[in-house]
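Chain by chain, the residues:
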Amino acid sequence: MRSYLHCVILLISVSGSLIVTAAALGRLANGQEAASPDSAAEKAKRAERLEEMDQIAASIRVASIDGDGSETPAVMSEQPLLRWTDPTREFSDGGLWVWRVSGRPVATVGIELYSWWSLEFVSLSTGLVKAEESGVHWAPRTGGVEFKEIPDAPAPAADESGRLRQMHQLAKRFAAREYWVGGNGQHYALRLLPHPVDRYSDPGSGVVDGGLFIFAHGTNPEVLMMVEARKSDAGPARWSFAAAPLSHAEVALKIGLQDVWTSPSKDPPHTISAADPYFDVLTPRRVVDLSRTGKKPKPPK
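Computed from a predicted model, the values in this text were never measured in an experiment.

**Some remarks on the overall build of the chain**
Phase 1: When helices and strands are counted, the chain shows 3 helices and 21 strands.
Phase 2: Here the chain holds 301 residues, and the buried ones make up 48% of them.
Phase 3: Taking the intrachain contacts of the chain between residues at least 6 apart in sequence as the baseline, contacts between residues at least 24 apart amount to 55%.
Phase 4: About 14200 Å² of surface is accessible on the chain, with carbon and sulfur atoms providing 54% of the total.

**Remarks on the confidence of the model for the chain**
Phase 1: Taken over all residues, the pLDDT of the chain has a mean of 85, while the share at 70 or more is 81%.
Phase 2: Overall, residues 296-301 carries pLDDT values under 50, and its contacts beyond four positions in sequence, including any with other chains, amount to 2 contacts.

**With respect to the pairing of strand β6 (residues 82-86)**
Phase 1: Here β6 shows a clear split, with Leu82, Trp84 and Asp86 buried on one side and none of Arg83 and Thr85 buried on the other.
Phase 2: The sheet contact formed by β6 and strand β7 (residues 91-101) spans 4 bridges and is antiparallel. When the bridges of β7 are listed, Asp86 appears paired with Phe91.

**Let's talk about the pattern of salt bridges**
Phase 1: According to the stated counting rule, one finds 14 salt bridges in the structure shown.
Phase 2: For Arg104, the salt bridge identified is with Glu228, shortest N-O distance 3.1 Å. Of this pair, Arg104 sits in strand β8 (residues 104-113) while Glu228 sits in strand β17 (residues 220-232); the two residues are 124 residues apart in sequence, bridging distant segments of the chain.
Phase 3: Assessed through its relative accessible area of 8%, Arg104 is described here as buried.
Phase 4: For Glu228, a relative accessible area of 0% gives the class buried.
Phase 5: Connected through salt bridges with shared partners, the residues Glu42, Arg46, Arg49, Arg83 and Asp93 form a single ionic network.

**Quick look at the sheet that holds strand β3 (residues 61-65)**
Phase 1: With respect to topology, 4 strands assemble into an open sheet ordered β4-β3-β10-β11, the strand pairing being antiparallel. A single partner strand is all that each edge strand has here, and the edge strands are β4 (71-73) and β11 (136-138). Geometrically, the sheet is characterised by an average inter-axis angle of 20° between neighbouring strands, direction not taken into account.
Phase 2: Pairing analysis gives 3 bridges linking β3 to β4, with the strands arranged antiparallel.

**Digging into the packing of aromatic side chains**
Phase 1: Within the structure shown, the criterion is met by 2 aromatic pairs.
Phase 2: Measuring from centroid to centroid gives 5.4 Å for Phe121 and Trp138, while their planes differ by 40°, and the two rings are tilted. Of this pair, Phe121 sits in strand β9 (residues 117-123) while Trp138 sits in strand β11, placing them 17 residues apart in sequence.
Phase 3: For the cation-ring pair, Arg230 lies above Phe147, with the distance from its terminal atom to the ring centre recorded as 4.0 Å.
Phase 4: The positively charged end of Lys266 is found above the aromatic ring belonging to Tyr278, 5.4 Å away from the centroid.

**A short note on unusual backbone geometry**
Phase 1: Looking along the chain, the bond that leaves Pro268 and enters Pro269 is cis, with omega of 10°.
Phase 2: Within the fold, Pro269 resides in the loop between β20 (258-263) and β21 (278-283).
Phase 3: One non-glycine residue, Ser102, lies in positive phi territory at about 55°.
Phase 4: As for its position among the elements, Ser102 is in the loop between β7 and β8.
Phase 5: What makes Ser102 exposed here is its relative accessible area of 54%.

**Section: the nonpolar core**
Phase 1: Counting residues in hydrophobic clusters, the biggest one holds 25 residues, and the most contacted among them are Leu96, Val122, Leu124, Leu212, Ile214 and Leu224.
Phase 2: In contact with Leu124, not counting residues within four places along its chain, are Arg104, Pro105, Val106, Ala107, Thr108, Val145, Leu212, Leu224, Met226 and Ala244.
Phase 3: One finds Val62, Trp99, Trp117 and Phe279 within the second-largest nonpolar core, a separate group that totals 23 residues.

**Thoughts on helix α2 (residues 160-171)**
Phase 1: Its 12 residues give α2 an end-to-end C-alpha distance of 16 Å, which sits within 8% of 16 Å, the value for a rise of 1.5 Å per residue.
Phase 2: Those residues of α2 lying buried are Gly162, Arg163, Gln166, Met167, His168, Leu170 and Ala171.
Phase 3: Packed against the buried residues of α2 are β13 (174-179), β14 (187-192), β15 (198-202), β16 (207-217), β17 and β18 (235-245).

**Regarding the pairing of β14**
Phase 1: Two elements, β13 and β14, share 4 bridges in a ladder whose sense is antiparallel. Following the sheet pairing, Arg177 is matched in β14 by Ala189.
Phase 2: Sheet topology note: the β14/β16 ladder contains 2 bridges and is antiparallel. Counterpart to Leu192 in the pairing with β16 is Phe215.

Definitions and cut-offs
Residues numbered from 1 in each chain as written. Predicted model: local features only at pLDDT ≥ 70, side-chain atom pairs only at ≥ 80, totals over all residues. Heavy atoms only, no water. Helix = DSSP H or I, 4+ residues; strand = E, 2+ residues; numbered from the N terminus. Buried < 20%, exposed > 50% of the residue type's maximum accessible area, 1.4 Å probe, protein only. Contact = heavy atoms within 4.5 Å. Areas by Shrake-Rupley, 256 points an atom, 1.4 Å probe, with all protein chains shown as cover. pLDDT = per-residue confidence, 0-100. Pairing = 2+ DSSP bridges. Salt bridge = Lys/Arg side-chain N within 4 Å of Asp/Glu carboxyl O. Axes fitted to C-alpha atoms, helices over the stretch in contact; angles between N-to-C directions. Phe/Tyr/Trp six-rings, centres within 6.5 Å; stacked < 30°, edge-to-face > 60°. Lys NZ or Arg CZ within 6 Å of the ring centre and 35° of its normal. Core = buried A, V, L, I, M, F, W, Y, C linked by side-chain atoms within 4.5 Å. Expected span 1.5 Å × (residues − 1).

This is how it looks when you write it as C-alpha cells:
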C-alpha cells in the first residue's frame, strides 16, 4: 500500500499519544519473523497480531454525517474482510475492516504492521464521515467516492444469485494499474480478487444490491471498487461503480482502453491530511489484552 522511499519520520504528539504521520513513512524494519509460516511459533505470532489488530479496530469510532450535521454511528465488521502479507512492500501482516451504516459500507481502515502499526482510513461514502482513534481525528471535507454508471451493463437481475453473477462479470471488465511516481517509477498491473469481500444492500438509499471488490498487488489491496445496483426515483435500477484508493501510489481503473477513474499519487511533493478521504498514520504496537480475548497468559519460563 505504501511507497518505500527513504523519508524523514515526523513525530507528532496528539492528546498525549505519539503518532507518526504515514505520509512521512520511510523504510522501516518490517518485523517479519524468521520462523516458517507453517510453524507453530509463527501461527501463534500471527494469532497474536490478529488480536492486536482487533483491539486497534475496536478502538476506532466511525460516524456518518448527515446533511443537517447530525451523526449516525457506523457499525464495525466483527472480522476483517481480508488478511494479507506482502514482504516485497516491507510489512509482515495486514487486515481490512469495514464500518457500515444501514448495512452499506461508509469507511474502511486497513491495518498493517511495519515496525509500528499503519492505519489507512478510506471513505466509501458519497457524503461526509469522521473517525477517531487514540488522538487521531479523521474528518474528510468531501465524500470519498463518486458513482458512475457502468456502460452497456445489463438490467440488474431479479434475484440475488443472478445479481451476484452480474457483479462478477461487470467487475471483470475493469483493469487496474498502480504507478509509484516517486518510488521506483514502475507500473504494476493489479489483479482482481476472485470474490467480493463484502455484499450488502440499503433499500432506504436506493441500493438494491452491492459488492465490494478489491484489486491487489499479490494479496495486498490497493484499490477498493464498489459495484452497486442503484435505483433512483427517475427509473429502474442500474449498475454503477465507484472506487477509492488504498495506496499512496497513483492508481487507476480502465474499461477496455478508456480510463474511467484515477487517484493521483500521494507521495512527496504531494501531501495528505486528516481532512482528505484517504489518510494514514502510524501508531505504536499494542500490548494484547488477554482479559478481552479470554486467553490465559503463558507462565514465565
